[in-house]
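The residues making up each chain are set out below.
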Amino acid sequence: MIYPVILSGGSGTRLWPLSRAALPKQFLPLVTDKTLFQETLLRLNGVPELAPPLVVCNADHRFLAAEQLREIDIQPLSLVLEPVSRNTAPAVALAALAALEQSQDAMLLVLPADHLIQNGAAFHAAIGHAVELAQQDKLVTFGITPDSPSTGFGYIERGQALGQSGDSYAVARFVEKPDADTAQRFLDSGQFFWNSGMFVFKAAVYLQELQQFAPEMYAAAQAAWRGGKHDLDFSRVDEAAFAASPSDSIDYAVMERTRSAAMVTADIGWDDVGSWDALAEAIPGDADGNVLRGDIFAPQTKNTYIRAESRMVTAIGLEDMVIVETPDAVLVAHKDFSQNVKQAVEYLKQAERSEHLVHRRVYRPWGYYEGIDLGKNYQVKRIVVNPGQKLSLQLHHYRSEHWIVVAGNAKVTVGRANRLLHANESIYIPVGIKHRLENIGETPLYLIEVQTGAYLGEDDIVRFEDVYQRA
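What you see is a predicted model; the values in this text were computed from it and never measured. The residue count restarts for each chain, going from 1 along the sequence in the order it is written. Totals for whole chains, interfaces and linings use every residue, but because this is a predicted model, local features are given only for residues with pLDDT of at least 70 and side-chain atom pairs only at 80 or more, for both listing and counting. Hydrogens are left out, water is left out, and the side-chain values use all remaining heavy atoms of the structure.

> Would you mind going over the sheet that holds strand β27 (residues 426-429) with me for this structure?
Whether parallel or antiparallel, the strands of a sheet pair through hydrogen bonds between backbone atoms. At least two bridges found by DSSP between two strands is the condition for calling them paired. Runs of E in the DSSP output that reach at least two residues are strands. Runs of H or I that reach at least four are helices, and both are numbered from the N terminus. Taken in spatial order, the six strands of this open sheet run β20-β21-β22-β29-β24-β27, and their pairing is antiparallel. Bordering the open sheet on either side are β20 (361-364) and β27, each of which pairs with just one other strand. The average undirected angle you get between the axes of adjacent strands in this sheet is 20°. For strand β24 (residues 399-407) and strand β29 (residues 445-453), the ladder comprises eight bridges, and the chain directions are antiparallel. The residue bridging His-402 from the neighbouring strand is Val-450, located in β29. Every axis in this analysis is a line fitted to C-alpha atoms, fitted for helices over the stretch in contact. Angles between the N-to-C directions lie between 0 and 180 degrees.

Right, here's the structure in full:
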């Protein structure tokens, strides 16, 4: 069996302000009405001998990943939760250990969750060729046939041919992102391919090579997996053991050191969607070359990407620009500088602001809440609870709350009393009183929450019972 390993731990800062730490780009619908994470899984339909996927994600994103899997009716083998980020090599080690519990012959198909692939048939064919090499104990990567002298990707130089297919080669060397002149030489030579960060290899072979070249990382992954536990649909590893692992990518930890590296060339319409400029190039534009998403008026504007999430955006007489509007932040940049968005994220971090971390809409396993207004000693939120879901039984030490139901049917626990609330009804939650909110209807529950108190932070929550087993 081939076990898809979906690496979903990235933060996606280069697509700020839409992508943020709490909602990174892999969980956003950037190209179609499906998210990149969902598209990564759905494009595997039709690959033979495919096991349910192993999803490796940040522990903070576990319910987001689970909900998006449910939306496309895919039941994973497991969601392996990383308590801290340690790059791709340790993450894949955890997945390899999980797969070996299912089969000692398990083969891994390692895929980042945030890439775009437009030619599914060619991708499936490339997977087939990679599996043939991996069956010979090769560690196989996919080298993307370049169509431009890009300086945004690393490169792979092909070595001697392997087999008769004409697209399978030994790896001669890996090359870091080059300057423009070097990238042009690479393109002209026909010997270099973009490094996709996708792999196929036997789980046991990968762990064997990792143990040889990165023994501390191998030992930490082993200890983290053995010390872990299963929690609902999630596999939680031992946090201290995993945190002790060195942080490194598969390329640096294994692929650049092993003698078994191989490459399958792939012309599959691939992009890692690493910038707004790259995203704009990946989506067909209108007659003026514009890619417009949302309520937009853009006369005399050409070759510009505009995305409006909450308001109308008007752009007049612009060219080669990127404009991204969200409720709390707006990005305006020339396409030539779209790779520099990370400067804005660094500014927000240094200023100790929150716009790089969360949107005004914050997703929870039961639904979401959205900030409406904030002032001294008060805060107003819109809360949406999905059908059949309920918040934890909790209390607050520093704030009281007033709930007004706008639509739907709520069961509210306050102290020892239970009440049913319908549209246009409200209830008051005093400071220090245990309470719970539950949607008992078949449609989403909408309410307005008004908080008042000396401190309004999200960490002023003491949980007593929680169906989602959060701390």
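> Where do I start with the pairing of strand β12 (residues 261-266) in this structure?
Within a regular strand, side chains alternate between the sheet's two faces. Taking burial as the measure, the six residues of β12 include six buried ones, the bulk of the element. Burial along β12 is two-sided: Ala-261, Met-263 and Thr-265 and Ala-262, Val-264 and Ala-266, pointing in opposite directions, are all buried. Sheet analysis places strand β8 (residues 168-175) next to β12, joined by three bridges and oriented antiparallel. Looking at β12, one finds that Ser-168 is bridged to Val-264. Three exposure classes are used, based on accessible area relative to the maximum for each residue type with a 1.4 Å probe and protein chains only: buried under 20%, partly exposed in between, and exposed over 50%.

> Please clarify how the pattern of salt bridges should be interpreted in this entry.
Side-chain pairs of opposite charge can arise where the charged atoms are in close proximity. Here a salt bridge means any side-chain nitrogen of Lys or Arg lying within 4 Å of a carboxyl oxygen belonging to Asp or Glu. Counted according to the given criterion, the structure contains 15 salt bridges. Linking Arg-70 and Glu-67 is a salt bridge whose minimum nitrogen-to-oxygen distance equals 2.5 Å. Here Arg-70 and its partner Glu-67 are both found in helix α2 (residues 62-71), three residues apart, which amounts to about one turn of the helix. Between Glu-355 and Arg-353 there is a salt bridge whose closest N-O contact spans 2.6 Å. In this structure, a network of salt bridges that share partners links the residues Arg-361, Glu-370 and Arg-382.

> Explanation requested: the packing of helix α3 (residues 88-100) against helix α6 (residues 203-213) in the structure shown.
Think of two packed helices as two axes; the pair is described by the angle between the axes and how far apart they sit. Taken N-terminus to C-terminus, the directions of α3 and α6 make an angle of 135°; their axes are 9 Å apart at the nearest point. Taken together, the axis directions place α3 and α6 in an arrangement best described as oblique. Every pair of crossing elements has a handedness; the one defined by α3 and α6 is left-handed. Where α3 abuts α6, its residues Ala-89, Val-92, Ala-93, Ala-96, Leu-97 and Leu-100 lie against Ala-203, Ala-204, Tyr-206, Leu-207 and Leu-210. Gly falls in the polar group here, along with every residue not listed as nonpolar (Ala, Val, Leu, Ile, Met, Phe, Trp, Tyr, Cys, Pro) or charged (Asp, Glu, Lys, Arg). Broken down by class, the residue content of the contact of α3 with α6 amounts to 11 nonpolar, no polar and no charged. Should an angle fall under 35 degrees it is taken as roughly parallel, and over 145 as roughly antiparallel, whereas 65 to 115 is taken as roughly perpendicular and any remaining angle as oblique. Each crossing gets its handedness from the near helix: less than a right angle anticlockwise from the far helix is left-handed, clockwise is right-handed. Note on definitions: a residue-residue contact is assigned when non-hydrogen atoms from the two residues lie within 4.5 Å.

> Just to check I follow, could you spell out the sheet that holds strand β16 (residues 305-308) for this structure?
The four strands are arranged β14-β16-β18-β19 in an open sheet whose pairing can be described as mixed. The open sheet terminates on both sides in strands that have one partner only, identified here as β14 (291-293) and β19 (330-334). Each strand axis lies, on average, 5° off the axis of its neighbour in the sheet, ignoring direction. The pairing of β16 with strand β18 (residues 321-325) spans four bridges and is classified as parallel. For Tyr-305, the partnering residue across the bridge sits in β18 and is Val-322.

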